[in-house]
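# Residue-level structure breakdown
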Amino acid sequence: MPAVTVDDPLILPRVPSPAPDAKVRRVLAVTTAPEGYEGEGFPVRRAFAGVSQRALDPFIHMDQMGAVEYAPGEPKGTAWHPHRGFETVTYMIDGEMAHQDSHGGGGLITNGDTQWMTAGAGILHIETPPEHLVASGGLFHGLQLWVNLPSAQKFAEPRYQDITAGKVALLASEDGGSLVRVIAGEVAGHAGPGSTYTPITIVHATVAPGATLTLPWRPDFNALVYALSGDGTVGSERASISSGQLAVHGAGDTLMISAERRQDARHAAGLDVYILGGKPIREPVFAYGPFVMNTRQEVIQAFEDYQAGRLGAVPAAHVHSGVDVSSEDDDED
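Residues numbered from 1 in each chain as written. Predicted model: local features only at pLDDT ≥ 70, side-chain atom pairs only at ≥ 80, totals over all residues. Heavy atoms only, no water.

### Topic: the sheet that holds strand β20 (residues 231–234)
Note the threshold: Two strands form a pair only when DSSP identifies at least two bridges running between them. Helix and strand definitions here come from DSSP, where helices need a minimum of 4 consecutive H or I residues and strands a minimum of 2 consecutive E residues; each element is numbered from the N-terminal end. For helices, the axis comes from a line fit to the C-alpha atoms of the stretch in contact; other axes are also lines fit to C-alpha atoms, and the angle between any two N-to-C directions lies between 0 and 180 degrees.
Strand order in the open sheet formed by four strands is β18-β23-β20-β21, and the pairing between neighbours is antiparallel. Strand pairing shows two members of the sheet lacking a second neighbour, β18 (212–216) and β21 (239–242), which therefore form its edges. Looking at each pair of strands side by side, their axes are set apart by 25 degrees on average, direction ignored. Pairing of β20 with β21, which is carried by four bridges, proceeds in the antiparallel orientation. Note that in β21 the partner of Asp231 across the bridge is Ser242.

### A look at the pattern of salt bridges
Selection criterion: Salt bridges are counted wherever a side-chain nitrogen of Lys or Arg sits within 4 Å of a carboxyl oxygen of Asp or Glu. Only protein chains enter the accessibility calculation, which uses a 1.4 Å probe; a residue whose area is less than 20% of its type maximum is buried, one above 50% is exposed, and one in between is partly exposed.
Here the structure, examined in full by the defined rule, presents five salt bridges. With its nearest N and O atoms 2.5 Å apart, the salt bridge here joins Arg46 to Asp63. Taken together, the positions of Arg46 in strand β3 (residues 42–46) and Asp63 in strand β4 (residues 59–70) put the pair 17 residues apart, joining distant regions of the chain. With relative accessibility at 0%, the residue Asp63 sits in the buried group. Its salt-bridge partner being Arg84, residue Asp305 comes within 3.0 Å of it at the nearest N-O pair.

### Remarks on the packing of aromatic side chains
To be explicit about the condition: When the centres of two rings from Phe, Tyr and Trp lie within 6.5 Å, Trp using its six-membered ring, the rings pair. Their planes under 30 degrees apart give stacked, over 60 give edge-to-face, and anything left gives tilted.
Scanning the entire structure with this criterion turns up four aromatic pairs. Ring plane angle 90 degrees and centroid distance 4.9 Å describe the contact between Phe291 and Phe303, whose orientation is recorded as edge-to-face. Here the residue Phe291 occupies a position in strand β26 (residues 291–293), and Phe303 occupies one in helix α3 (residues 296–307), the gap between them amounting to twelve residues. Summarising the burial analysis for this pair, Phe291 and Phe303 share the class buried.

### Thoughts on the sheet that holds strand β19 (residues 224–229)
Strands sit in the order β1-β22-β19-β24-β17-β14-β13 across an open sheet of seven strands; the sheet is antiparallel. A single partner strand is all that each edge strand has here, and the edge strands are β1 (27–32) and β13 (169–172). Strand-to-strand twist of the sheet, defined as the mean angle between neighbouring strand axes without regard to direction, takes the value 20 degrees. Where strand β14 (residues 178–184) and strand β17 (residues 200–207) come together, six bridges link them in antiparallel fashion. By the bridge assignment, Leu179 is partnered in β17 with Thr206.

### Considering the confidence of the model for the protein
Which entries qualify depends on this criterion: The pLDDT value expresses, per residue, how confident the predictor is, ranging between 0 and 100. Any two residues whose heavy atoms approach within 4.5 Å are treated as being in contact.
On average, residues of the protein carry a pLDDT of 88, and 89% of them reach 70 or more. Model confidence for the protein, summarised as mean pLDDT per element, is weakest for helix α2 (residues 131–136) at 73 and strongest for strand β22 (residues 245–249) at 98. Across residues 319–333, where pLDDT falls below 50, the model places 41 contacts with residues more than four positions away in sequence or in other chains.

### As for unusual backbone geometry
Omega for the bond connecting Asp57 with Pro58 falls within 30 degrees of zero, at 20 degrees, which places this linkage in the cis form. Note that Pro58 resides in the loop between α1 (53–56) and β4. Located in the positive-phi region is Ala188, a residue other than glycine, with phi close to 50 degrees. Counting through the fold element by element, Ala188 comes out in the loop between β15 (186–187) and β16 (190–191). Among the residues examined, Ala188 registers a relative accessible area of 34% and is labelled partly exposed. One non-glycine residue, Arg282, adopts positive backbone phi at about 60 degrees. Counting through the fold element by element, Arg282 comes out in the loop between β24 (271–278) and β25 (286–288). Given the relative accessible area of 48%, Arg282 is considered partly exposed.

Okay, here's the thing in structure tokens:
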């Protein structure tokens, strides 16, 4: 079972039944994430590929990293790289990842932990597996999400949040068939620990085989459900969803997620989903490489500021692992 678990979900606070007149959201589209490689070569699935920015707003980009079983010497990370204008949210399901940034933030995350970095006005950071994991190999599985910042906060002071697994709000469905982990935002009056500039909710839910989760969702938020593993259905029309697929939902008051009764042996726990929603910013987005701004000129300025050293400095002990992004046009996580 990945990430945070409990022995008896029946002791947890319950997600209440929806009001009789609550509208279950329909599914507008289901897309399949293509596979690729990031950083120094770790496998990823581009969860938002093929989805319009209007449907994603305020989210920009999300990678599912792994799941992969590394042999000794194989685990890889990223080089030092800059960001400006948004936030990165790294959620570790299995394995370990170390973070360090030029603003003094950093730490090690493992099963169920989240690192939340607000790049804001500009920052340099690096993400790597710890030395012992490189030596031993092992399972690695996580997510990295990019959350846009409104124009008024794109130059906010950088900050770092270390959200350990024990801090998330844990809920259960009424029948105990689903475990709901609230990482940020609020579900049924229970708030997650993540502090956000943009109003959003982030949930990791596991729905047991044959069970259905009906989750209240703010009507002014959009709604995205990404299947990490398992098979099931989503939405009022019960659209099929399976590992590596994203369901974009329409308007309504609740989300309905069901796990197939018969699951592949690898997914005996049921359907594992990452659920995202936020209040759309509705501003122009110009994203290029490691920067997410409102205009092309602002991105050009970000590159110039990075090259002039105004986004921070790599600590002396790590200066050899910097990266030149002046001619890159791929996303850097």
